[in-house]
Amino acid sequence: MQSDRAQKPQIQNTHNTIYSFALTEISTNPYKQTTKISLMATTSVVPANRRRTALQPEDADFETTEGVKAIASFEEMGIKDDLLRGIYQYGFEKPSAIQQRAVTPIIQGRDVIAQAQSGTGKSSMIALTVCQIVDTSVREVQALIVSPTRELASQTEKVILAIGDFINIQAHACVGGKSVGEDIRKLEYGVHVVSGTPGRVCDMIKRRTLRTRAIKLLVLDESDEMLSRGFKDQIYDVYRYLPPDLQVLSPLTYSSLHVFKMKFLQFNLNFNSN
Ligand SMILES: Nc1ncnc2c1ncn2[C@@H]1O[C@H](COP(=O)(O)OP(=O)(O)OP(=O)(O)O)[C@@H](O)[C@H]1O
């Protein structure tokens with residue numbers, strides 16, 4: 001199954017998009033095609049105390065949507081020069097195995113579900129693809145990353161700011177427990193990326209402090225984890241405010257794909273019964 005964004009039927013901003021991306025695994029959704037990349041097995045997962053060494057063995061076993069190729073260098077991915085400088089300065093020399101397969105479809109605008117174990121480079125992949133997709137000459141929120149925990153949301157913001165140093169990216173972590181006033185100040189000043197937790201993001205959108213009209217990419221980081229933490233309604237609430245032609249990226253851990261599918265199936269049924 002190969003996705004071609006240009007050929008996708010136009011759909012309304014109804015519930016279709018979010019459940020169609022989630023249901024790709026079942027391969028029956030007529031509306032939208034999604035690129036899916038699964039790292040089936042890893043022989044080395046990065047130990048927690050080792051930084052920037054997430055490279056998987058080249059022969060890592062992957063299951064992907066047809067046509068997904070492994071691209072061995074960041075240059076060959078067509079990443080902008082100033083972002084490449086940031087990536088190298090951050091200490092990444094070459095993409096990890098999941099990055100080799102997932103970065104290109106993401107920057108081509110496809111919806112992507114990328115499953116791989118912890119420590120394989122998924123969070124870093126969010127940071128670098130967001131930096132590539134955002135146009136920093138336009139000071140509006142263009143990418144929204146929703147994460148299950150405050151720590152993860154803040155960590156993603158930090159990696160974006162570090163990797164995107166040379167493109168002058170402005171990112172803000174919108175997380176519960178931090179000052180609402182500071183969120184309002186930062187958002188009104190203008191940022192390109194918001195990385196947050198569902199409740200605070202939802203709150204900022206409802207206050208109209210977080211303006212959604214220019215958002216083109218929604219990242220549901222560890223979406224399986226978010227659903228298991230009971231954030232389903234808040235994710236849906238956020239989604240309702242986003243523009244119709246939205247790209248969705250969903251990185252998740254391999255072991256929980258099953259749970260993810262089951263929960264989103266439920267999600268779908270609930271939507272239809274509204
Ligand atoms: N291309 C790369 N080259 C070298 N190191 C990398 C690369 N990508 C990621 N890393 C490093 O590998 C470690 C794990 O990466 P990351 O946090 O992105 O993985 P993850 O799959 O999201 O894992 P977790 O769920 O544990 O956060 C981090 O220290 C990160 O800096």
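Residues numbered from 1 in each chain as written. Predicted model: local features only at pLDDT ≥ 70, side-chain atom pairs only at ≥ 80, totals over all residues. Heavy atoms only, no water.

## Describing the overall build of the protein chain
Rules: Where helices and strands are cited, they refer to DSSP runs of H or I of at least four residues and of E of at least two residues respectively, numbered from the N terminus. Working rule for contacts: check all heavy atoms of both residues, and any pair within 4.5 Å makes them a contact. Reported accessibility uses the Shrake-Rupley method at a 1.4 Å probe radius. Residues are deemed covered only where the shown protein chains occlude them.
In terms of helices and strands, the protein chain carries 10 helices and eight strands. Across the protein chain, every contact between residues at least 6 apart in sequence was considered, and the portion connecting residues at least 24 apart equals 72%. In the structure as shown, the protein chain presents an accessible area of about 12,100 Å², 47% of it carried by carbon and sulfur atoms.

## Overview of the UniProt feature "short sequence motif: Q motif" (unreviewed entry) in the protein chain
Let me state the cut-off plainly: UniProt positions are given in the numbering used here, feature names are shortened, and annotations may be inferred rather than shown by experiment.
According to UniProt, the feature "short sequence motif: Q motif" (unreviewed entry) maps to residues 72-100 in the numbering used here. Helix makes up 48% of residues 72-100 and strand makes up 0%, while its end C-alpha atoms are separated by 6 Å.

## Comments concerning the pairing of strand E7 (residues 217-220)
For clarity, the threshold we go by: Only protein chains enter the accessibility calculation, which uses a 1.4 Å probe; a residue is then buried when its area is under 20% of its type maximum, exposed when over 50%, and partly exposed in between. Between any two strands, at least two bridges found by DSSP are needed for them to pair.
Along E7, one buried face is formed by Leu217 and Val219 and the opposite face, lined by Leu218 and Leu220, is buried too. Bridge analysis of strand E4 (residues 143-146) against E7 gives four bridges, and the strand direction is parallel. Within E7, the position partnered with isoleucine 145 by the bridge is valine 219.

## Some words on the packing of aromatic side chains
Selection rule: Here the aromatic set is Phe, Tyr and Trp, taking the six-membered ring for Trp, and pairing holds for ring centres within 6.5 Å; pairs whose planes are under 30 degrees apart are stacked, those over 60 apart are edge-to-face, and all others are tilted. Distance and angle both matter: a charge sits over a ring if NZ of Lys or CZ of Arg is within 6 Å of the ring centre and within 35 degrees of the ring normal.
In this structure the tally under the stated criterion is two aromatic pairs. Ring geometry for tyrosine 90 and phenylalanine 92: centres 5.2 Å apart, planes at 80°, overall edge-to-face. Residue class for tyrosine 90 comes out buried when judged on its relative accessible area of 11%. On the accessibility criterion, phenylalanine 92 (11% relative accessible area) is buried. The ring of phenylalanine 166 has arginine 85 lying over it, and the distance from NZ or CZ to the ring centre is 3.9 Å.

## What about the state of the cysteines?
The test is simple: What counts as a disulfide here is a pair of cysteine sulfur atoms lying within 2.5 Å.
Summed over the entire model, instances satisfying the criterion amount to zero disulfides. Here cysteine 131 is not disulfide-linked; the sulfur of cysteine 174 is the nearest cysteine sulfur, at 18 Å. Of all cysteine sulfurs in the structure, the one in cysteine 202 sits closest to cysteine 174, which takes part in no disulfide; the separation is 11 Å.

## Some points on the environment of leucine 128
Looking at the secondary structure, you find leucine 128 in helix H4 (residues 122-133). Each C-alpha atom, one on leucine 128 and one on glycine 86, is 9.3 Å from the other, the two residues being 42 residues apart in sequence.

## Notes on the pattern of salt bridges
Note the following rule: Each reported salt bridge corresponds to a side-chain nitrogen of Lys or Arg within 4 Å of a carboxyl oxygen of Asp or Glu.
Applying the stated rule across the entire model yields seven salt bridges. Two residues, arginine 85 and aspartate 82, come together in a salt bridge whose shortest N-O distance is 3.4 Å. Linking arginine 85 with aspartate 82, this pair stays in helix H2 (residues 81-90), spanning three residues, or about one helical turn. By relative accessible area, arginine 85 is classed as partly exposed at 45%. Arginine 213 is paired through a salt bridge with glutamate 140; the nearest N and O atoms lie 2.8 Å apart. In this pair, arginine 213 is assigned in the loop between helix H7 (198-206) and E7 and glutamate 140 in the loop between H4 and E4, connecting sequence segments 73 residues apart. Within this structure, Lys206, Asp237 and Arg240 form a network of salt bridges that share partners.

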